[in-house]
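Structure at a glance
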Amino acid sequence: MEKKPHFVRRELPPREVSPVSLVLLFGAVLLLNALLYLYLNQFYISSGRAEKDPSLCPFGYFKLGGMKNCSPWLSCEAINREVRKLKRVGEGAVKKVFLSEWKENKVVLSQLTNSELKEDFLHGLKMLKALQSKHVVRLLGYCEQEFTILTEYHPLGSLRGLNGTLHIPRYKGMNTWHRRLMLAIDYVGIIRYLHSSPLGTLVMCDSNDLDKVLSQYLLTSDFHILVNDLDALPLVNRSAGRLVKCGHRELRGEFVAPEQRWPYGEEVPFEDDLMPPYDEKTDIWKIPDVTNFFLGHVEGSDIVRLHLFDVHAACKKKDPSERPSAQEVLDTYKKVLALLIREAAMPGTREML
């Protein structure tokens with residue numbers, strides 16, 4: 001009877017990783033992190049989000065299109081002589097908006113609609129002049145006597161059309177979690193700027209529902225956000241004991257912050273004089289809902305929401321003093337973006353370590 005060969009399975013001793021290999025591995029990880037940092041830094045600069053925008057001119061001047069030099073804001077005379085209306089593209093409670101042309105450049109001409117609201121119109125102009133920055137639509141000129149404002153034209157319009165824009169074949173490549181999170185970062189950056197503006201802490205009061213919020217901002221052709229409507233920006237001054245109220249009517253719904261709602265129940269009729277004022281933390285309450293719109297339902301957006309869960313829960317604290325500042329939210333958003341890009345670039349790093 002023939003004996004069958006007997007195979008003995010020999011267990012291999014565990015591989016020892018030399019200290020040199022570990023040093024090389026950690027060195028590679030550090031190098032990749034450094035390259036990622038440089039990439040993100042360059043991304044912000046190349047996307048026009050550098051801290052100092054080279055296209056900005058000194059106060060009272062602007063640069064548009066292919067202009068090499070800064071030009072003074074257009075006066076009443078220059079607007080009447082050089083600006084040609086093309087068509088009306090919008091109308092709100094305060095102003096009518098016309099697509100217009102100035103020296104072969106498309107521009108936007110806004111004119112007062114209701115003389116009873118001229119104070120709101122002039123307040124918006126004052127804010128537009130004082131807050132010129134990378135966050136705010138570019139002012140090209142104005143005429144106080146005729147209640148006219150001239151600003152830069154952005155063909156993609158307000159953020160209300162964002163999802164429609166992202167379905168246009170030309171922009172479908174932008175419809176990613178990464179780009180959408182960048183828009184949310186832009187938005188929170190604007191809120192942070194308003195809360196620490198040169199004029200003090202300003203509250204974005206034209207924000208009683210999501211659609212109203214989106215109508216206040218423009219989408220630029222390179223997919224960034226600018227605030228466009230500054231008619232309702234009251235100032236919080238804690239040292240002087242000054243808080244704000246957004247309008248004189250009762251606000252309802254879950255979108256507005258709890259402190260913006262009538263606190264005395266249905267049995268007590270609303271009276272503006274009895275309504276307690278509040279501060280800029282109302283803007284923080286709304287950030288998660290606006291960001292949820294930005295993120296949409298593209299691949300990867302739920303992962304982003306998961307990473308933002310804690311900061312969004314903090315934004316929704318009932319006590320305004322317990323909510324984070326806009327700067328803290330912005331810092332968290334940027335950290336999440338860097339983390340997710342790093343994980344996408346190095347998906348196997350944790351397993352390697």
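The chain appears in an unreviewed UniProt entry as Protein O-mannose kinase from Pterocles gutturalis. Word for word, the UniProt comment on the chain under Subcellular location (unreviewed entry) is "Endoplasmic reticulum membrane". UniProt's Catalytic activity (unreviewed entry) comment on the chain is quoted here verbatim: "3-O-[beta-D-GalNAc-(1->3)-beta-D-GlcNAc-(1->4)-alpha-D-Man]-L-Thr-[protein] + ATP = 3-O-[beta-D-GalNAc-(1->3)-beta-D-GlcNAc-(1->4)-(O-6-P-alpha-D-Man)]-Thr-[protein] + ADP + H(+)".

Some details on a nonpolar patch on the surface
Together, Tyr264, Val268 and Leu274 line one region of the surface with nonpolar side chains, adding up to about 250 Å² of accessible area. A residue is classified by how much of its surface remains accessible, and valine 268, at 32% relative accessible area, is partly exposed.

What about the pattern of salt bridges?
This model, assessed by the stated rule, comprises 17 salt bridges. We note a salt bridge from arginine 238 to aspartate 279, for which the minimum N-O separation is 3.0 Å. Note that arginine 238 is positioned in the loop between strand S11 (235-236) and helix H7 (281-295) and aspartate 279 in the loop between S11 and H7, a separation of 41 residues in sequence. Residue aspartate 279 is classed as buried on the basis of its relative accessible area of 15%. Across the pair glutamate 250 and arginine 252 runs a salt bridge, and its minimum N-O distance is 3.5 Å. Residue arginine 252 is classed as exposed on the basis of its relative accessible area, which comes to 54%.

Observations regarding the packing of helix H5 (residues 177-195) against helix H10 (residues 326-345)
Where H5 contacts H10, the axes come no closer than 9 Å and their chain directions differ by 160 degrees. Our classification of the angle between H5 and H10 gives roughly antiparallel. Helix-helix and strand crossings are classified by hand; for H5 and H10 the assignment is left-handed. Across from Trp177, His178, Leu181, Met182, Ala184, Ile185, Val188, Gly189, Ile191, Arg192 and His195 in H5, the residues of H10 making contact are Ala326, Gln327, Val329, Leu330, Tyr333, Lys334, Val336, Leu337, Leu340 and Ile341. Of the residues assigned to the contact of H5 with H10, the class counts are 15 nonpolar, four polar and two charged.

Analysis parameters
- Residues numbered from 1 in each chain as written.
- Predicted model: local features only at pLDDT ≥ 70, side-chain atom pairs only at ≥ 80, totals over all residues.
- Heavy atoms only, no water.
- UniProt positions renumbered as here; feature names shortened; annotations may be inferred.
- Patch = residues over 30% accessible without salt bridge, like charges linked within 9 Å, V, L, I, M, F, W, Y side chains within 5 Å.
- Areas by Shrake-Rupley, 256 points an atom, 1.4 Å probe, with all protein chains shown as cover.
- Salt bridge = Lys/Arg side-chain N within 4 Å of Asp/Glu carboxyl O.
- Buried < 20%, exposed > 50% of the residue type's maximum accessible area, 1.4 Å probe, protein only.
- Helix = DSSP H or I, 4+ residues; strand = E, 2+ residues; numbered from the N terminus.
- Axes fitted to C-alpha atoms, helices over the stretch in contact; angles between N-to-C directions.
- Parallel < 35°, antiparallel > 145°, perpendicular 65-115°, else oblique.
- Left-handed = near helix turned anticlockwise from the far one by under 90°.
- Contact = heavy atoms within 4.5 Å.
- Nonpolar A, V, L, I, M, F, W, Y, C, P; charged D, E, K, R; others polar.

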